[in-house]
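Reading the structure
Listed below, chain by chain, are the residues.
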Amino acid sequence: MAAMAGASSSVIKVAALSGSLRKGSYNRGLIRSAIELSKGAVEGIQIEYVDISPLPFLNTDLEKNGTYPPEVEAFRQKILAADSILFGSPEYNYSVAGPLKNAIDWASRPPNVWAGKPAAIVSAGGGFGGGRSQYHLRQIGVFLDLHFINKPEFFLNAFQPPAKFNSDGDLIDEDAKNKLKEVLLSLQAFTLRLQGKN
């Protein structure tokens, strides 16, 4: 797959969302690390962090004559313009975090801007490393017509030694960075395949 990244002349635009709004969130740290990797170690991929914190709670009363509030419309346009999606999905109560589910729901309102997009999920947390949230997100993706990569899976136990993140929430573990790189290469190859470019 590394050869694929170098050989591709198409730049894949990836919208990256973190389900945690906390500034030092480990899941946001994974997104920041993915952005750094896209600037050097993984060619042909451009990742933009899309902040979901400005989105209001889903309320269809906010929809007026087929339009959405400005912050919702701006978010929907970023998803629509992306070739693929990278989710940083923390696990809350064995499931997807509320802020991420809210963002997913806003972008699924007609017309569903998730439809047909390739996607990948990365998670960091305790125990299973956010894995249960990934399984629920995959179920949601079936209805939304999102197409998730199957391999490699990325669940990172953030609290198991050695340290995976610094005090700012930045990923410092080289093994985890290498695994994250493999996720990005897989997402890139899958996106190109779905676009009919390889």
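See above for the structure.
Just so it is clear, the structure is predicted and the values come from calculations on it, not from any experiment.

Take unusual backbone geometry next. Here the amide bond leading from Pro110 into Pro111 is cis, since omega sits at -10 degrees, within 30 degrees of zero. By secondary structure assignment, the location of Pro111 is in the loop between helix H4 (98–108) and strand E6 (118–125). Put simply, Pro161 and Pro162 share a cis peptide bond, and its omega is 0 degrees. Locating Pro162 in the fold gives a position in the loop between strand E8 (155–157) and helix H6 (174–194). With a phi close to 50 degrees, Asn93 is a non-glycine residue in the positive phi region. Within the fold, Asn93 resides in the loop between strand E4 (91–92) and strand E5 (95–96).

On to the pattern of salt bridges. For the structure shown, the criterion picks out 8 salt bridges. Residue Glu63 is joined to Arg109 by a salt bridge in which the shortest nitrogen-to-oxygen separation is 2.7 Å. Of this pair, Glu63 sits in the loop between strand E2 (45–49) and helix H3 (70–81) while Arg109 sits in the loop between H4 and E6; the two residues are 46 residues apart in sequence, bridging distant segments of the chain. Judged by relative accessible area, which is 25%, Arg109 ranks as partly exposed. Residue Arg132 pairs with Glu91 through a salt bridge whose shortest N-O separation is 3.0 Å. Of the two residues, Arg132 is situated in helix H5 (residues 131–144) and Glu91 in strand E4; the sequence distance between them amounts to 41 residues.

Moving on to H5. With 14 residues, H5 extends 20 Å between its outermost C-alpha atoms, agreeing within 8% with the 20 Å of an ideal straight helix rising 1.5 Å per residue. Among the residues of H5, Gly131, Ser133, Gln134, Leu137, Arg138, Ile140, Gly141 and Leu144 are the ones counted as buried. End-on view of H5: buried residues confined to an arc of 165 degrees, all on one side of the axis. The exposed set on the far side of H5, more than 90 degrees from its buried face, consists of Gln139, Val142 and Phe143.

The residue Ser108 is located in helix H4 in this model. Accessibility expressed as a relative area gives 24% for Ser108, which makes it partly exposed. Each C-alpha atom of the pair Ser108 and Phe143 lies 9.6 Å from the other, and the pair is 35 residues apart in sequence. In this structure, Ser108 is in contact with Arg76, Trp114 and Leu144, ignoring residues within four places of it in sequence. Reaching out from Ser108, the side chain makes a polar contact with the backbone oxygen of Asp105 at a distance of 2.8 Å.

Parameters and conventions
Residues numbered from 1 in each chain as written. Predicted model: local features only at pLDDT ≥ 70, side-chain atom pairs only at ≥ 80, totals over all residues. Heavy atoms only, no water. Helix = DSSP H or I, 4+ residues; strand = E, 2+ residues; numbered from the N terminus. Salt bridge = Lys/Arg side-chain N within 4 Å of Asp/Glu carboxyl O. Buried < 20%, exposed > 50% of the residue type's maximum accessible area, 1.4 Å probe, protein only. Expected span 1.5 Å × (residues − 1). Arc of directions from axis to C-beta. Contact = heavy atoms within 4.5 Å. Polar contact = N/O pair within 3.5 Å; in protein donor to acceptor, adjacent residues only side chain to side chain.

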